[in-house]
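# Survey of secondary and tertiary structure
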Amino acid sequence: MDSREIRDRYLNFFEKKSHTVVPSSSLVPFDDPTLLFTSAGMVQFKKFWVTDGQIPYTRATSCQKCLRAGGKDSDLEKIGVTGRHHTFFEMLGNFSFGDYFKKEAIQWAWEFVTEQMKIDREKLWVSYYCEDDESLHIWKKFLPENRIVPLGKKDNFWGPAGETGPCGPCSEIYVDFGKDESCKNPDCKPGCECNRFLEFWNLVFPQYDRQSDGQMLPLKKRGVDTGMGLERIARIMQNTPSNYETDLFLPLMKKLEDISGLRYEYRTMSKFRIIADHVRAAAFILSDGVYPDNEGRGYVLRRIIRRASFQGTAIGLKKPFLFQLIDPLVAVFGDVYENLRKNVEEIKMVVSDEEKKFFDVISSARRIFSIDTAGLKGKEIPGKMLFRWYDTYGIPRDLIIELAEENNLTPDWQGFEQNLKQQQEKARQKSIFEQKRNVILESSSTKETTFTGYLNLEENCSVMALYFLPDKKLWELVVDKTPFYPEKGGQVGDNGIIKTDEWSFSVVDCQVDPKGIIYHIGKFTSGTFQDVKVGQSVTAIVYRHHRMDVSANHTATHLLHYYLRKISNGHAKQAGSYVGPERFRFDFVYPEQIDQALIQNIEINVNKLIFENHPVIIKEMDYREAIKKGTIALFTEKYGEKVRVIDIGNFHAELCGGTHVSSTSEIGIFKIVSYSSVGENLKRIEAITRQFAYDWFNRKIDIIHQASSLLKTTPENLVGSINKMKKQILELEKKISSITEKAAMDILSELEKNKKTIVVKNVDATLIAGRVDGLTIKQLGKIADDVSSRTQRCIVLLAGLLDGRIVIVCKVSNDIAGIVPASAIVKYISGMLGGSGGGKPHFAQGSGKDVGKLDEIISNISELISGALK
């Protein structure tokens, strides 16, 4: 049975059990700061178990894209070692949110495995959490007790996905590959690390809600969260030695054989598996809008691509090759994941570019290794040094090990791990929801905050909780409903005030946690925290000017996105944004070069759309209907069944949860203030609108008026006056140059009158030295060049005062520069004058501070040169 049929059968089976089939969410978790990537099928449903609000369904089933390559669930280092682990994989799952529980979950799992998949019942074993007697009793209906194995918390208590959220006991289903695959331990059973038993389906029963302080509170909606690895069940159904020989991987293996000229066999197995696994992960991460970077998700992507590329070098591939694996990958998955197929050319381009960069890293790694280890006192490479190579330069562990072996050195991997953990801890603490929080007061019924800010900027609400952030010396206020938009989707949180007759609270930021609770962050401007009570009625007011500025900038990003897509035939793609009140930043992938003329063209046409006063219509509709109509969806976002569509003038529609103006003319004016390239094919535009754009133009106009006043002209004639002045300056520079050249000739004649012959290191040389004040290093150097060009075996040393400092140049003719290096002379003389200098054997320059010694040194220069060269 191929993977497509397994996937379809699973979803159809649970659909018939009244489950809603939910599409896979992005690999980038939506509004979940505790997770780097979506690591399990339940991630997109986390809120459903903890909310008191309405949810769209109580039963769901999905085939979820997952990635475990960073954070506590990472499987990165296991790839290639086992035949069952992956960075990217698909997880089949069925979920219950306050609906059915253990009995139905176990019964249906057994039914699917034995009747739909027809796996031999004699080969099936299960494990359960040793304290979960309920699951044990249910399993006894299907299996003899000797094939039902109790395991501890490490193996059979799951979650949460991230630092907080739903978790609970679990029960795992295993297939037994027989005693021939066992470790020969007579007590071998599920939980053993040998190859006999393969766990392929985990039935998790979320009962608890883990808090950031470690508390395990009862879950508001207990339920079911199951996960079956598609790669593992495909292995069982296709009877292959490992996951890597299934139809999900075989086309990649065959293509890799063609590229490398090698067979997929025992000696190449590990490398082939790492390459195939990692190219899948890279392609899917890219298809969800993440690009290589030096931090966060982009850094994980970069590591994955580089790790795969390095394995290629181990099988003789010395130039970029990963991009050639993308087409067979898309042939396997393109019909299931449309954004993979739609972005295939862009994925190939980014992978190829990143590989090229990595081959540059490999070539420089030896140089970095050599420089850094030159000063080592022992044979051990410190962990801090290893981590810097790994983190700063992207040098993979395998290459470090190879270089260390070549140089008979031992890496301190324990110290490396300590440095890695320190960095991970710093990254974790960056999230506001991972910071220390002191509970001042908290309602037992605190739940997801109702957001009313699309329609109102003022709301009467009730206090639910108050917290103090000691690290920031700020307070967090939670109310039951709020008009304050929390930071998400690149848009900053609202500012404003929450007040009663007793106290007033200034809101400077607004954040939302994965449970949908909105935190108003700020300080008390009157009254104190002691005046706040749970259930107290308050008025929440968003500052209108702040909201309008942010909304105008957000709508402007949509207009910019539209026009970039228009001029690139749809190839431009948003890669990130920041939308604040004073400016916005828009990151986008654009394969062509962008020059100043194109920037000007973009600015003109976005302003044209603003001035045409197009209506901005906001609608709610079914997700599938919106996509069918051509609405743009960003794959870094998570969309529910019902989505919010921002439709501008019937020419551009985008899914967006942010706030917007009601017509384009409210944006006022749009001005691009910065354009830059922030990566390979990744561009960035920063722009301003409304009052901030008006102020920008006023500042520029003010500068023009000041310049006009200084040049005694009008703004209209300013350019002409500048050109006229420029012409006058050029003419004056020519005159000065002529005078300087004449003066130099005079200096040259004077210097040549004083030339003498000296013997240095048994070489007869002509010495020309003198003091010449008021000339720059460049001018002194030209005179020295002219003098030395006329004489063989010549040493020219010139020094003089310039702006209160001594400047020195020394020129030695090429025929004796190897014996009498200029650099040694200048270094010695500069040191005597309280300065420093250096250069090359034929030319050097320096400076000094001790003006009183200058004449004496020039007088005794021949003796000093001999001293310098001893």
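This write-up is about the structure you can find in this document. (Residues numbered from 1 in each chain as written. Predicted model: local features only at pLDDT ≥ 70, side-chain atom pairs only at ≥ 80, totals over all residues. Heavy atoms only, no water.)

For side chains of opposite charge, pairing can occur when their charged atoms come near one another. This structure, assessed with the given rule, holds 42 salt bridges. Between Asp 785 and Lys 811 there is a salt bridge, with its nearest N and O atoms 3.4 Å apart. Remark: Lys 811 occurs in strand β33 (residues 805–812) and Asp 785 occurs in helix α21 (residues 777–789); sequence separation between them is 26 residues. Owing to a relative accessible area of 36%, Asp 785 belongs among the partly exposed residues under this scheme. Overlapping salt bridges, with partners in common, bring together Lys 102, Asp 132 and Glu 134 in one network. (Salt bridge = Lys/Arg side-chain N within 4 Å of Asp/Glu carboxyl O. Helix = DSSP H or I, 4+ residues; strand = E, 2+ residues; numbered from the N terminus. Buried < 20%, exposed > 50% of the residue type's maximum accessible area, 1.4 Å probe, protein only.)

Between helix α8 (residues 269–287) and helix α12 (residues 344–373), whose axes approach to 10 Å, the crossing angle comes to 120 degrees. When the axis of α8 is compared with that of α12, the two are oblique. Crossing geometry of α8 relative to α12 is assigned as right-handed. In this structure, α8 contributes Ala 283, Leu 286 and Ser 287 to the contact, and α12 contributes Ile 347, Val 350 and Val 351. Tallied by class, residues from the contact of α8 with α12 come to five nonpolar, one polar and no charged. (Axes fitted to C-alpha atoms, helices over the stretch in contact; angles between N-to-C directions. Parallel < 35°, antiparallel > 145°, perpendicular 65-115°, else oblique. Left-handed = near helix turned anticlockwise from the far one by under 90°. Contact = heavy atoms within 4.5 Å. Nonpolar A, V, L, I, M, F, W, Y, C, P; charged D, E, K, R; others polar.)

An order of β25-β26-β27 is seen for the three strands of this open sheet, with the pairing classed as antiparallel. Strand pairing shows two members of the sheet lacking a second neighbour, β25 (616–622) and β27 (652–655), which therefore form its edges. Within the sheet, the average angular offset between the axes of one strand and its neighbour, ignoring direction, is 25 degrees. Here four bridges tie strand β26 (residues 642–648) to β27, and the two strands are oriented antiparallel to one another. Residue pairing across strands places Ile 646 opposite Glu 654, the latter belonging to β27. (Pairing = 2+ DSSP bridges.)

Let's shift gears to the packing of aromatic side chains. Under the defined criterion, the tally for this structure stands at 47 aromatic pairs. Considering the side-chain rings of Phe 13 and Phe 14, the 4.9 Å spacing of their centres and the 85 degrees angle between planes classify their relative orientation as edge-to-face. Here the two residues Phe 13 and Phe 14 agree in accessibility, since each one is buried. By way of ring pairs, the aromatic residues Phe 45, Phe 48, Trp 49, Tyr 57, Phe 95 and Phe 97 are connected into one cluster. If you follow Lys 153 out to its NZ or CZ, it ends over the ring of Phe 157, 5.1 Å from the centre. We note Arg 222 situated over the ring of Phe 101; from NZ or CZ to the ring centre the distance is 3.9 Å. (Phe/Tyr/Trp six-rings, centres within 6.5 Å; stacked < 30°, edge-to-face > 60°. Lys NZ or Arg CZ within 6 Å of the ring centre and 35° of its normal.)

Before going further, it helps to examine the sheet that holds strand β31 (residues 763–771). With mixed pairing, six strands are arranged side by side in an open sheet as β30-β31-β32-β33-β35-β34. Each end of this open sheet is capped by a strand with a single partner; those strands are β30 (756–760) and β34 (836–839). For this sheet the average axis-to-axis angle between neighbouring strands, irrespective of direction, equals 20 degrees. Note that β34 and strand β35 (residues 843–848) share four bridges and pair antiparallel. When the bridges of β35 are listed, Gly 838 appears paired with Gln 845. Lying on the sheet, helix α22 (residues 822–832) is in contact with β32 (794–802), β33, β34 and β35; it crosses β35 at an angle near 5 degrees.

So, on to the pairing of strand β4 (residues 124–129). Working note: regular strand, side chains alternate between the two faces of the sheet. When you tally the buried positions in β4, you get six out of six residues, the bulk of the element. Residues of β4 alternate between two faces, with Leu 124, Val 126 and Tyr 128 on one and Trp 125, Ser 127 and Tyr 129 on the opposite face, all of them buried. Bridge analysis of β4 against strand β5 (residues 148–151) gives four bridges, and the strand direction is parallel. Considered in β5, the bridge of Tyr 128 is made with Pro 150. In this fold, β4 hands off to helix α4 (residues 133–139), which returns the chain to β5; that crossover is right-handed. (Right-handed = clockwise from strand over helix to strand, strands pointing away.)

This paragraph deals with the pairing of β35. Inspection of the sheet shows β33 paired to β35 by six bridges, in the antiparallel sense. The partner of Val 809 across the bridge, within β35, is Gln 845. The hairpin turn running from β34 into β35, its antiparallel successor, is three residues long.

The residue Asp 132 is located in the loop between β4 and α4 in this model. Overall, the relative accessible area of 5% leaves Asp 132 in the buried class. At 2.8 Å, the side chain of Asp 132 and the side chain of Lys 102 are in polar contact. (Polar contact = N/O pair within 3.5 Å; in protein donor to acceptor, adjacent residues only side chain to side chain.)

By themselves these figures say nothing about function.
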